[in-house]
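Each chain, written out:
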Amino acid sequence: MADREYLRPSTLVEAVELMAAAPGRRIVAGGTDLMVYIREGKERPSALVDVTGIPELNGVRKLDDGALAVGAAMTHSMIGSDPVIQAVAPLLSDASSSVGAVQIRNLATIGGNVVNGAVAADTLSALAAFDAAFITYGAEGEKRYTIDEFFLSPGKTAVGAGEILTKIILPPQPKAAHAFIKVARRRAAAISRLAVSVMANPSEGYARIAVGAVLPKPGRITMAEEALMNGFDLSAAKAAGDAAKAHVLSISGERPSMVYKLPVVSSAVEKAIIKALSLKGVK
Amino acid sequence: MGTFNKVVGVDGVRRDTVDKLTGKERFSGDYKIPGALALAIARSSEAHALIKNIDLTKAKALPGVVRVFTAEDVPGENSYGIIPITKDQPMLAAGKVRFKGEAVALVAAESLEVAREAAALIEVEYEPLKASFTPEEALADGAEAIHDKGNLCFEHDSLMGDPDKAFAEAAVIVEDTYTTSAIEHSYMEPESGFAVMEDGVVVVTVSTQNPHYDHADLCRLLGLEEDKVRVKQATTGGGFGGKLDLSVHSYVALATLLTGRPSRLAYTREESFAASAKRHSFTIKYRTAADAEGNLLAVDAELVADTGAYASYGVAVAMRAAVHAAGPYMVPNSRVYSRAVYTNHVFSGAMRGFGVPQVALAHESQMEKIAAKLGMDPIELRLKNALKPGDKTITGQVLGDSVGIRECLEKIKAVRDEWGAAKGDDDGVRGIGVGAMLYGIGNTGVSNPSTAQIRVNKEGGVTLYTGCADIGQGSDHVLLGICAETLGLAREDIALVRADTMLTTNAGATSASRQTYISGNAVKAAAEMFIAKAVEAAAKVSGSAASELCFTGTAVKGPDGELSLLEIAESLRAEGRELEGEGYFDPETVPLDHHTGQGKPYSTYGFAAQLTLVHVDKATAEVRVEKLFAVHDIGKAIYPQGVIGQISGGSAMGVGLALMEEFDHTSDKNFDTYLIPTVLDVPDVEASFIEHAEPTGPYGAKGVGEPALIPTAPAIVNAIADAVGVRITSLPANLERVHSALQLMGGK
Ligand SMILES: Cc1cc2nc3c(=O)[nH]c(=O)nc-3n(C[C@H](O)[C@H](O)[C@H](O)COP(=O)(O)OP(=O)(O)OC[C@H]3O[C@@H](n4cnc5c(N)ncnc54)[C@H](O)[C@@H]3O)c2cc1C
């Protein structure tokens with residue numbers, strides 16, 4: 001690997017300046033995506049700008065409106081064990097805890113997961129369920145994106161070169177039960193074949209359902225959520241699963257990999273709802 | 001004589017543990033070699049093509065490039081291979097390439113970056129040929145011949161009794177077709193080594209399982225006399241059969257011989273994936289006949305193995321698979337036809353089990369199908385047919401005393417009773433499965449001796465000399481244990497010189513689960529001869545009768561005092577003799593008949609049975625192996641922890657074979673997409689063993705390295721079938737296959 005400069009700014013302003021100072025520079029956080037691309041020769045940055053030391057990117061804060069602001073440089077290990085996130089957004093804790101393996105989670109950040117934008121990135125379905133928003137800082141100052149604006153297509157986000165993701169905002173939700181399911185070929189360090197995020201509260205008629213690894217961009221599946229509005233029981237869970245499957249089919253079509261994935265979208269969404277609500281009498 | 005029985009069968013910290021854990025142990029890549037040339041290999045982009053031209057101009061012009069080599073630079077015969085009848089692999093492609101990733105040219109440069117850049121600048125003009133990627137394509141009319149002799153690398157027939165008659169009279173016949181995948185060994189240390197010139201000798205230090213074979217083929221490739229090449233085994237980070245072939249050896253040797261400078265080469269993981277052997281994928285058509293009581297009457301099996309572009313161990317795999325086709329059962333009538341077929345995949349070679357894990361899937365699935373048809377308990381059916389001492393195998397071999405399969409199965413049965421019925425939960429279904437096996441220790445039907453020496457060293461202690469390569473499995477500890485036990489010493493009292501072709505003699509390959517049994521016997525014989533010689537010499541010096549003398553490990557004691565080993569050695573030296581014990585052991589075998597496959601392929605067999613409990617998620621088809629109980633008849637555990645370690649690691653490999661490993665030749669470049677089990681995918685293996693002492697084994701020992709893996713995948717597949725009610729016949733039983741099985745599921 002060629003030698004390259006490694007820069008570690010301590011403020012946002014400095015980071016933006018460093019990024020603008022020379023062409024070909026790349027932001028790096030944990031490096032668990034970027035270093036792989038560099039080794040494969042897909043990326044050849046002239047210098048790396050490490051943003052993990054910038055205060056705005058670190059820590060969790062409860063905002064006045066009850067939303068949670070999660071620092072983009074928080075590692076998956078931190079998110080998995082942070083008491084505030086565990087209390088307010090356990091779905092995200094679970095999703096982060098499913099990433100890679102311990103060694104990866106200790107380095108990899110949620111910001112990197114999100115900006116890298118892989119279809120199978122494990123936090124995306126959870127963030128979709130929350131209708132998360134994304135705060136960036138760049139040459140033009142601060143920007144806020146909705147999840148729909150943020151993710152453009154597989155591997156592509158709206159974040160421009162030199163623009164730094166600082167925070168992920170989780171809007172307040174009613175108290176809800178949750179379940180996160182990841183399906184992969186092995187139990188650690190494996191890409192998701194499918195991920196399912198569910199939050200639900202029957203007494204409030206509240207349900208959030210999103211899936212990962214089978215759609216070109218993250219988003220809630222409202223058809224599936226609506227299926228739960230008829231009641232939070234086993235048949236509704238099945239109906240929600242079928243609705244999720246119909247949604248995935250309408251967008252992603254019948255590719256060879258879908259022979260397995262499509263039916264499992266329906267059964268895994270059903271399973272996640274059952275798990276979240278501890279519905280009994282399955283089989 | 002000093003048999004204190006205080007080393008064999010006793011646990012303790014293995015001698016290499018601390019150095020490996022603290023990083024003190026040096027692998028070949030850890031050595032500093034001042035002035036060493038860096039090497040890089042230009043590899044074929046084509047699976048099958050004629051080489052029209054190789055343009056080295058740009059590569060040679062790159063500053064820092066010292067020399068570029070092609071097939072024309074190979075001084076000796078540019079063909080090698082472990083099996084004498086199939087030395088068909090060039091070290092650098094000559095006129096033709098047969099798989100994508102084959103070595104075409106070699107660059108030696110002052111730095112690795114330059115060497116790699118130059119390798120990328122080599123321009124090869126190919127004329128593509130039609131490639132075959134399955135044995136079926138390769139054997140079809142009109143297939144392009146991959147080698148001059150055609151695409152059938154090897155075939156083997158075996159016939160016993162009258163299978164046709166047995167099938168005609170059978171009460172039950174079951175049949176199916178089973179397939180298994182190509183698998184990458186995935187050793188932690190990729191291929192690595194270096195060469196230096198020392199007094200006109202090319203000295204190659206390399207990660208290897210077989211230094212003496214390496215030496216012979218290096219001499220052949222380089223056109224050098226035996227005493228001009230020396231191979232030293234470096235500490236080796238795993239092999240599993242993948243380091244039985246030459247890899248970096250020939251390149252560092254060639255570069256150093258032709259430039260006079262040291263050179264080094266370590267494969268990247270991608271190179272290791274592209275250019276090292278794989279486990280043979282098999283297609284197995286299998287028919288079994290039984291009577292109404294469940295006695296096996298006959299098997300009829302046709303095995304086809306994809307041996308890839310070069311033979312490597314293909315002959316051995318096809319033959320061993322055939323010999324083991326019926327499993328650990330008494331089958332009076334059999335017909336087995338086994339073939340290894342060339343294709344344009346990277347070559348297949350040896351991998352833990354040599355074809356036996358593949359046939360075990362078939363015979364163990366068949367047993368379940370028979371049990372189901374007859375409404376019998378699958379373990380009872382196995383017990384009914386399990387081999388006993390004195391029974392005949394399908395090669396007509398009459399088994400000796402050490403046949404522990406019945407006891408293994410009895411244990412499995414007791415454990416199954418303890419576990420109770422497999423019950424599903426909200427998420428899915430559970431099932432219990434059995435796998436059983438036999439495995440012949442040593443090479444198949446050929447002489448495969450080992451040798452060892454024990455000498456007094458300058459300090460007056462003893463040194464053990466063995467050619468046996470310890471590749472991490474612990475043969476050093478085992479052989480020292482046998483030596484110590486026999487001499488009445490502790491392991492720490494004995495110095496070890498290991499796997500260096502100048503200092504040690506041939507112990508054969510560290511493969512075929514043979515080193516404990518065969519080299520162990522050679523070491524034991526050397527120790528016994530050493531004692532006899534010391535006592536005889538001491539008797540002469542002291543004037544006592546040999547019967548009055550006692551060997552103590554460090555001296556010989558008599559009525560009039562004792563003589564140290566140094567004193568005895570001196571007295572012998574005065575006669576022009578040495579205080580040295582030499583050991584030799586070659587297991588008794590009878591070559592297999594070419595037409596009937598009958599003979600005595602091995603002098604002894606290991607046996608095993610494993611039991612697994614699996615959970616199958618009904619929503620996602622994920623399989624979790626929740627419990628794995630293994631019991632192996634190993635003869636005698638020289639170092640019990642080592643046996644448990646082998647069984648645990650082998651079972652983990654078996655989980656990979658069963659559930660996820662499948663080498664995709666077009667897309668798997670490294671561990672990003674090629675998945676092997678992690679510690680979270682493997683249950684705590686309950687490993688155990690029984691000791692049916694083998695009379696010809698050292699202290700009764702046989703072997704366990706490969707048996708460890710063989711029953712695991714069948715046990716898992718049988719457990720999935722038990723859970724789901726549908727049998728998976730193609731490995732791996734991945735998400736997609738289990739999911740289709742679930743969809744066919746009748747319910748349970
Ligand atoms: C062995 C292994 C296993 C893995 N398993 C999983 C898995 O199970 N699930 C999963 O989802 N992912 C997995 N990954 C992928 C990866 O670990 C995650 O996507 C991780 O979250 C990336 O974070 P990072 O901090 O390492 O990103 P980096 O590699 O540092 O960055 C990734 C990209 O984001 C950009 N970037 C990073 N931070 C910012 C920021 N604050 N502002 C703007 N741009 C930024 C970088 O420029 C780069 O383009 C795995 C990776 C490996 C190597």
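Predicted model only: the values in this text are computed from it and were never measured. (Residues numbered from 1 in each chain as written. Chains lettered and ligands numbered in written order. Predicted model: local features only at pLDDT ≥ 70, side-chain atom pairs only at ≥ 80, totals over all residues. Heavy atoms only, no water.)

Looking at the site of the ligand
All names here are of chain A.
1) Next: Lining the immediate surroundings of the ligand are 29 residues, of which Arg-26, Ile-27, Thr-32, Asp-33 and Thr-109 lie closest.
2) Next: Interatomic distance of 2.9 Å between a backbone N/O atom of Leu-165 and a nitrogen atom of the ligand.
3) Next: Compared with its free state, where it exposes 980 Å², the ligand has 88% of that area covered by protein.
4) Next: For the shell around the ligand, the secondary structure elements donating two or more residues are strand 2 (25–28), helix 7 (110–116) and strand 10 (164–170).
5) Next: When residues in the shell around the ligand are grouped by element, the largest group, four residues, is from helix 7.
6) Next: Split by domain, the residues of the shell around the ligand number at least three in each of domain 1 (5–50) and domain 2 (57–170). (Near = heavy atom within 4 Å. Polar contact = N/O pair within 3.5 Å; in protein donor to acceptor, adjacent residues only side chain to side chain. Areas by Shrake-Rupley, 256 points an atom, 1.4 Å probe, with all protein chains shown as cover. Helix = DSSP H or I, 4+ residues; strand = E, 2+ residues; numbered from the N terminus. Domains from an automatic or database assignment.)

Comments concerning the domain arrangement of chain B
Residue and element names in this part refer to chain B.
1) Next: In terms of domain boundaries, chain B breaks down into domain 1 (34–129 + 186–275), domain 2 (281–444 + 592–744) and domain 3 (449–585).
2) Next: The gap between the C-alpha centroids of domain 1 and domain 2 is 36 Å.
3) Next: Of the roughly 2100 Å² buried at the junction of domain 1 and domain 2 (both faces included), carbon and sulfur atoms supply 63%.
4) Next: Counting every contact that joins domain 1 to domain 2 gives zero salt bridges.
5) Next: Taken together, domain 1 and domain 2 are joined by 10 residue pairs in polar contact (both at pLDDT 80 or more).
6) Next: Taken together, the residues of the side of domain 1 that touches domain 2 break down into 11 nonpolar, seven polar and six charged. (Buried area = accessible area lost by both parts, 1.4 Å probe. Salt bridge = Lys/Arg side-chain N within 4 Å of Asp/Glu carboxyl O. Nonpolar A, V, L, I, M, F, W, Y, C, P; charged D, E, K, R; others polar.)

Concerning the sheet that holds strand 24 (residues 561–564) of chain B
Residues and elements named next belong to chain B.
1) Next: With antiparallel pairing, three strands are arranged side by side in an open sheet as 22-23-24. Each edge of the sheet is formed by a strand with only one pairing partner; in this case those strands are strand 22 (550–551) and strand 24.
2) Next: Lying on the sheet, helix 15 (residues 565–574) is in contact with strand 22, strand 23 (555–558) and strand 24; it crosses strand 24 at an angle near 70 degrees. (Pairing = 2+ DSSP bridges. Contact = heavy atoms within 4.5 Å. Axes fitted to C-alpha atoms, helices over the stretch in contact; angles between N-to-C directions.)

Here's the deal with the interface of chain B and chain A
1) Next: Facing the 27 residues of chain B at the interface are 20 residues of chain A.
2) Next: Here chain B meets chain A over a buried area of about 2100 Å², counting both sides, of which 50% is carbon and sulfur.
3) Next: Scanning the region where chain B abuts chain A turns up five salt bridges.
4) Next: Glu-270 of chain B is the partner of Arg-39 of chain A in a salt bridge, and the nearest nitrogen-oxygen pair spans 2.7 Å.
5) Next: Viewed at the interface, chain A and chain B are joined by eight residue pairs in polar contact (both at pLDDT 80 or more).
6) Next: Of all the secondary-structure elements, those providing two or more residues to the side of chain B that touches chain A are strand 27 (623–633) and helix 18 (735–744) of chain B.
7) Next: When residues of the side of chain B that touches chain A are assigned to their parent elements, the largest contribution, four residues, is made by helix 18 of chain B.

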